Amino acid sequence: LAHKAGKCVLAAPSGYGIGSEQNSYFSHMLNCLYDCRYCFLQGMYRSAHMVLFVNYEDFQQDIATQIQATGPDAPYFFSGYDCDSLAMEGITHFTTEFLPFFAAHPQAYFELRTKSIRTKTLLATQALPNCVVAFSMTPPALADKFETGAPSVARRLEAIVALQECGWPIGLRFDPLIYDRDYQLRYRDLFAQVFAQVRLDNLHSVSLGQFRLPRDIYKTMYRLYPDEKLLAYGLEEKDGMVSYHSALARQLHDFCAETLLGYIPSDIFF
């Protein structure tokens, strides 16, 4: 348990957003219950322990100050950048504390990024049109291999269906895109599975994100897992970031984008 000192809300990285020019993130926790091999958190901290900041009121004050300073463009506040927003909800009561705050600030959007199915508080709360519950999705075969401890894709879809029935806006985050030789089949089947269950009527946004790691974090992860093929194949360093080389990244992105746009309208795709 810790007290977060200094600035609680930070500018989101360039390109991180779902339509707004005003994108910020905040982390009520550091580190994650899940053990996803591709996650930058693998190389960020020297300990697997989690840190929970208890001074929620300071986070809320900083968010309120930023909302007041924002122009006409609706600001977005992302949670789940340095942790999973919902995985520890039974201990943190994060949504219990922050949903009423954002209900009182309807001009701002709040994203809960998660792989968790701990949605009890959400299901017991009146849905907020400015709160997006955004689920990260990976093809099941790759999720089973790389997302140790996280709920299966099938269980995440069950949680999404229940949330949609209660009116919650849903986000789908296919991030990071992971290459293997069967990627076309894997992603085609994933999208078919997802959109057989997820309705479009309150689907807020869908986004793709490339596999990318800051150089120093990649080096740490590679030292930890020198035999991990995920950290070896098709990668290059550019401008301090390690990701798939440009031709492979474009191939993977273009296939997934084209396939996704067969299911969703382009105005909710990022």
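The preceding data block contains the structure.
Residues numbered from 1 in each chain as written. Predicted model: local features only at pLDDT ≥ 70, side-chain atom pairs only at ≥ 80, totals over all residues. Heavy atoms only, no water.

**Quick word on the pattern of salt bridges**
Inference 1: Summed over all chains, the structure comprises 13 salt bridges.
Inference 2: For Arg215, the salt bridge identified is with Glu237, shortest N-O distance 2.9 Å. With Arg215 in helix α8 (residues 215-224) and Glu237 in strand β13 (residues 235-238), the pair connects residues that are 22 residues apart, well separated along the chain.
Inference 3: Accessibility expressed as a relative area gives 45% for Glu237, which makes it partly exposed. (Salt bridge = Lys/Arg side-chain N within 4 Å of Asp/Glu carboxyl O. Helix = DSSP H or I, 4+ residues; strand = E, 2+ residues; numbered from the N terminus. Buried < 20%, exposed > 50% of the residue type's maximum accessible area, 1.4 Å probe, protein only.)

**A short note on unusual backbone geometry**
Inference 1: In this model, Asp175 is joined to Pro176 through a cis peptide bond whose omega is 5°.
Inference 2: Assignment of secondary structure puts Pro176 in strand β10 (residues 170-177).
Inference 3: Positioned with a positive phi, His93 is a non-glycine residue whose angle comes to about 55°.
Inference 4: If you trace the backbone, His93 turns up in the loop between α2 (89-92) and α3 (94-103).

**Notes on the environment of Leu190**
Inference 1: One can find Leu190 in helix α7 (residues 183-195).
Inference 2: Assessed through its relative accessible area of 0%, Leu190 is described here as buried.
Inference 3: Along the primary structure Leu190 and Phe174 are separated by 16 residues, whereas in three dimensions their C-alpha atoms are 9.9 Å apart.
Inference 4: Apart from the residues lying within four places of it in its own chain, the contact partners of Leu190 are Met137, Thr138, Pro139, Pro140, Val153 and Phe174. (Contact = heavy atoms within 4.5 Å.)

**Here we look at the sheet that holds strand β14 (residues 241-244)**
Inference 1: The 3 strands are arranged β12-β14-β13 in an open sheet whose pairing can be described as antiparallel. Only two strands of the sheet have a single partner each, and these edge strands are β12 (212-214) and β13. Here the strands of the sheet are splayed against their neighbours by 25° on average, with no regard to which way each runs.
Inference 2: The pairing of β13 with β14 spans 4 bridges and is classified as antiparallel. Counterpart to Lys238 in the pairing with β14 is Met241.
Inference 3: In this fold α8 packs onto β12, β13 and β14, with an angle of close to 100° to the strand it touches most, β12. (Pairing = 2+ DSSP bridges. Axes fitted to C-alpha atoms, helices over the stretch in contact; angles between N-to-C directions.)

**Re the packing of aromatic side chains**
Inference 1: Per the counting criterion, the structure on display carries 27 aromatic pairs.
Inference 2: Look at Tyr16 and Tyr81: their rings are 5.6 Å apart centre to centre, the planes differ by 90°, and that puts the pair in the edge-to-face class. With Tyr16 in the loop between β1 (10-11) and β2 (23-26) and Tyr81 in the loop between β6 (76-79) and α2, this pair connects stretches of sequence that are 65 residues apart.
Inference 3: With relative accessibility at 13%, the residue Tyr16 sits in the buried group.
Inference 4: We classify Tyr81 as partly exposed; its relative accessible area is 24%.
Inference 5: On the numbers, 6.0 Å between centres and 45° between planes, the contact of Tyr187 with Phe191 is tilted. Here Tyr187 pairs with Phe191, and both are found in helix α7, just 4 residues apart, close to one helical turn.
Inference 6: In textbook terms, an aromatic cluster arises when at least three aromatic residues are bridged by ring pairs, as seen for Phe26, Phe53, Tyr56, Phe59, Phe77, Phe94, Phe98, Phe101, Phe102 and Phe110.
Inference 7: The ring of Tyr225 has Arg37 sitting right over it, with the charged end atom 3.8 Å from the ring centre. (Phe/Tyr/Trp six-rings, centres within 6.5 Å; stacked < 30°, edge-to-face > 60°. Lys NZ or Arg CZ within 6 Å of the ring centre and 35° of its normal.)

**Considering the packing of helix α1 (residues 56-69) against α3**
Inference 1: At a minimum axis separation of 11 Å, α1 and α3 run at an interaxial angle of 25°. As summarised for this structure, α1 and α3 are arranged roughly parallel, according to the angle between their axes. Our pair here, α1 against α3, has a crossing hand that is right-handed. Contacts from Tyr56, Phe59, Gln60, Ile63 and Ala64 in α1 reach Phe94, Glu97, Phe98, Phe101 and Phe102 in α3. (Parallel < 35°, antiparallel > 145°, perpendicular 65-115°, else oblique. Left-handed = near helix turned anticlockwise from the far one by under 90°.)

**Side note on the sheet that holds β1**
Inference 1: What the 7 strands build is an open sheet, ordered β1-β2-β6-β7-β8-β10-β11; its pairing is mixed. Edge positions in the open sheet fall to β1 and β11 (203-210), since each of these has one partner strand only.
Inference 2: When strand β7 (residues 109-114) meets strand β8 (residues 131-136), the two strands line up parallel, connected through 5 bridges. Note on β8: the bridge partner recorded for Leu112 is Val133.
Inference 3: Relative to β8, helix α6 (residues 153-165) is tilted by about 165°, and along the sheet it contacts β8, β10 and β11.

**Focus on the pairing of β7**
Inference 1: A large share of β7 lies buried, amounting to 5 of its 6 residues.
Inference 2: With 4 bridges joining them, β6 and β7 adopt parallel strand pairing. Bridge assignment links Tyr76 to a residue of β7, and that residue is Tyr109.

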